[in-house]
2 protein chains.
Amino acid sequence: MVLDDADAVVAAGGEPPSARVPLTQDRIVAAALAFIDDAGLAGLTMRRLGDRLGVEAMALYRHVPGREALLDLVVDAMVAEMRQDPDVLDEPTNGWQDFLQRLAHGVRRVALKHPRAFPLVTSRPPEAPWLRPPLRSLEWVEAFLTGLQEEGFDDATSVATYRAFTTFLLGHLLLEAADHGAEIGPLDTLEDGEEPSRGGLQDYPTVRRLRERLSEDHSVVEFEESLEGLLGRLTLALHEAAAD
Amino acid sequence: MVLDDADAVVAAGGEPPSARVPLTQDRIVAAALAFIDDAGLAGLTMRRLGDRLGVEAMALYRHVPGREALLDLVVDAMVAEMRQDPDVLDEPTNGWQDFLQRLAHGVRRVALKHPRAFPLVTSRPPEAPWLRPPLRSLEWVEAFLTGLQEEGFDDATSVATYRAFTTFLLGHLLLEAADHGAEIGPLDTLEDGEEPSRGGLQDYPTVRRLRERLSEDHSVVEFEESLEGLLGRLTLALHEAAAD
DNA sequence: ACCTGAACACCGTTCAAGT
DNA sequence: ACCTGAACACCGTTCAAGT
């Protein structure tokens, strides 16, 4: 999913005049992700994606089974992006807390890099029913569980941690991505200063009074504190498990 | 959004032979929600929804602005369903912990009643950018914040609680809904016992060993304990705020 | 007043035909 | 070997016409 020379040419100046750049699945997936990033999922069409790649839509079907499968590949690409992150470790080398902290921040970086595509990680059905977004690849879960077991987690605690950790990530990152993605409906183009739906605010005095505060962005602090809270609870659970 | 006589007639025996049941927005929205509940969002089409109501698709446009708007109305219907729940209180009458606990369980009931429609609550853009799913209506947030303030929460703590509470609900309920919704892709019809994607499991020994455990459903306990943990942290935060 | 029929622009996808 | 053109079935949506 790395930008190769072919993409560089296309990105630089439209499609190459005569030099035929061959289509590949990776190029298609990368283009689809880029498309969603700046036009939203609703705008992604096989025909428009073809345009973007200088090709008829029908040419895509030689490299990708169809639109649905393409979206799954986009999810795979984002999941793979987390694994490439040098700050995310394959196994715990400085204790499990450091391991989980790096992982959490790595996932968060990807979510904020692709706020409009990230929800796909949640909405696409996973490979197996017990895989949970956003850590929804077998490789991820294997690395996650093995890492914890190396650090002395027993079976039950490892699995419970996987579940608690994914729940935590999903809640925070989906909301944070929504803030940044700002899926502005095509109707909400408030180019003029009309401030829609503000009128009704008079009926909600408390909301109205706290409006400024509600708009403040404390997501970094909240993520950090919530993560620390989770790690703290896990530490307790670990000691309890050891005491049994 | 309550089933009225008109729906009862239709539900009982197909469309009424001659007695014209007038279309209303409520009937359309209820039918759309029911459709998503048992066919998934992808299957919902204006034309098919018209069929289900014994009407041409074009007739729907007299009562609903369009498909996108209809989906927003479906979300509103689910949000309203939470407010009708008799176990969910409008204001805290037995302390804020009881207030939040009832609210949490009420939202959970709706999520589990509509596992395939619930994700819409997250994916549709809210009325205002500072409204957060799943408590994404002005009425909800007004009741929520006012209730907490009656219980002595200051402004900052009320808003922080709103944010923490929504994050908690979203993470848990989206994952739990996904478990129950089982968005089985049209291709995944494993009517024969082929067990797809199980072959690769040999490369993931830890996942393989913990497979049984990963499939166990502990969502009730997790929801309960996580909620209790949240309330506990809030209690601490309250005391800290009071000490300042 | 409320619904229908026909039409338009746009989809995903298939397949024979081009180069 | 790889892409294109034409075609099919299905969408959302508009609007004049029916009752």
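Residues numbered from 1 in each chain as written. Chains lettered and ligands numbered in written order. Predicted model: local features only at pLDDT ≥ 70, side-chain atom pairs only at ≥ 80, totals over all residues. Heavy atoms only, no water.

Hey, could you go over the interface of chain B and chain A for me, with residue numbers and the actual values?
Think of interface size as the accessible area that goes away when the parts come together; that is how it is often given. Each partner contributes to the interface: chain B provides 46 residues, whereas chain A provides 46 residues. Buried surface at the junction of chain B and chain A, summed over both partners, amounts to about 4,300 Å²; 63% is from carbon and sulfur atoms. The three residues of chain B that bury the most area against chain A are B:Trp130, B:Leu175 and B:Leu214, which together make up 17% of that side's buried surface. Along the contact surface separating chain B from chain A lie 4 salt bridges. Between B:Arg209 and A:Asp155 there is a salt bridge; the shortest N-O distance is 3.0 Å. Remark: the boundary between chain B and chain A carries 13 residue pairs in polar contact (both at pLDDT 80 or more). Listed by contribution, the elements that provide at least two residues to the side of chain B that touches chain A are α8 (138–150), α9 (155–181), α10 (205–209), α11 (211–215) and α12 (219–243) of chain B. The element best represented in the side of chain B that touches chain A is α9(B), accounting for 13 residues. (Contact = heavy atoms within 4.5 Å. Buried area = accessible area lost by both parts, 1.4 Å probe. Salt bridge = Lys/Arg side-chain N within 4 Å of Asp/Glu carboxyl O. Polar contact = N/O pair within 3.5 Å; in protein donor to acceptor, adjacent residues only side chain to side chain. Helix = DSSP H or I, 4+ residues; strand = E, 2+ residues; numbered from the N terminus.)

Hey, could you go over the relation of the copies chain B and chain A for me, with residue numbers and the actual values?
Both copies of the chain are related by a screw-like operation: a rotation about an axis and a shift along it. For these two chains of identical sequence, chain B goes onto chain A by a turn of 180° and a shift of 0.0 Å along the axis, with RMSD 0.0 Å. Those values place the two copies in the arrangement expected of a two-fold rotation axis. When each C-alpha of chain B is compared by its distance to the rotation axis, B:Gly171 comes out closest, at 1.9 Å. Both copies share a contact surface, since 100% of the interface residues of chain B are interface residues in chain A too. (Least-squares fit on C-alpha atoms with pLDDT ≥ 70 in both.)

Please provide a residue-by-residue account of the protein's contact with DNA strand C, values included.
In the vicinity of DNA strand C there are 16 residues, among which A:Arg47, A:Tyr61, A:Arg67, B:Glu56 and B:Arg62 approach most closely. Sugar and phosphate atoms constitute 50% of the interface atoms of DNA strand C, taking the interface as everything within 4 Å of the protein. A:Arg48 places a side-chain nitrogen or oxygen 3.2 Å from a phosphate oxygen of DNA strand C. It is helix α3 (residues 46–52) of chain A that provides the largest number of residues to the surface near DNA strand C, a total of 3 residues. (Near = heavy atom within 4 Å.)

Would you mind going over the pattern of salt bridges in detail, with residue names and values included?
By the definition in use, this model includes 22 salt bridges over all chains. Taken together, the salt bridges that share partners define one network made up of A:Glu68, A:Asp72 and A:Arg124.

I'd like a description of the protein's contact with DNA strand D, backed by residues and values.
The environment of DNA strand D is made up of 16 residues, and the closest members are A:Glu56, A:Arg62, B:Arg47, B:Tyr61 and B:Arg67. Counted by atom, the contact set of DNA strand D within 4 Å of the protein is 50% sugar and phosphate. The separation between a phosphate oxygen of DNA strand D and a polar main-chain atom of A:Glu56 is 2.8 Å. In this structure, a phosphate oxygen belonging to DNA strand D sits 2.8 Å away from a main-chain N or O atom of B:Arg67. Looking at the surface near DNA strand D residue by residue, the classes come out as 7 nonpolar, 3 polar and 6 charged. (Nonpolar A, V, L, I, M, F, W, Y, C, P; charged D, E, K, R; others polar.)

Lay out unusual backbone geometry with the relevant residues and their values.
Glycine aside, negative phi is the norm for most residues, and most peptide bonds take the trans geometry. For the bond running from A:Pro133 to A:Pro134, omega is 0°, close enough to zero to count as cis. Locating A:Pro134 in the fold gives a position in the loop between α7 (119–123) and α8 (138–150).

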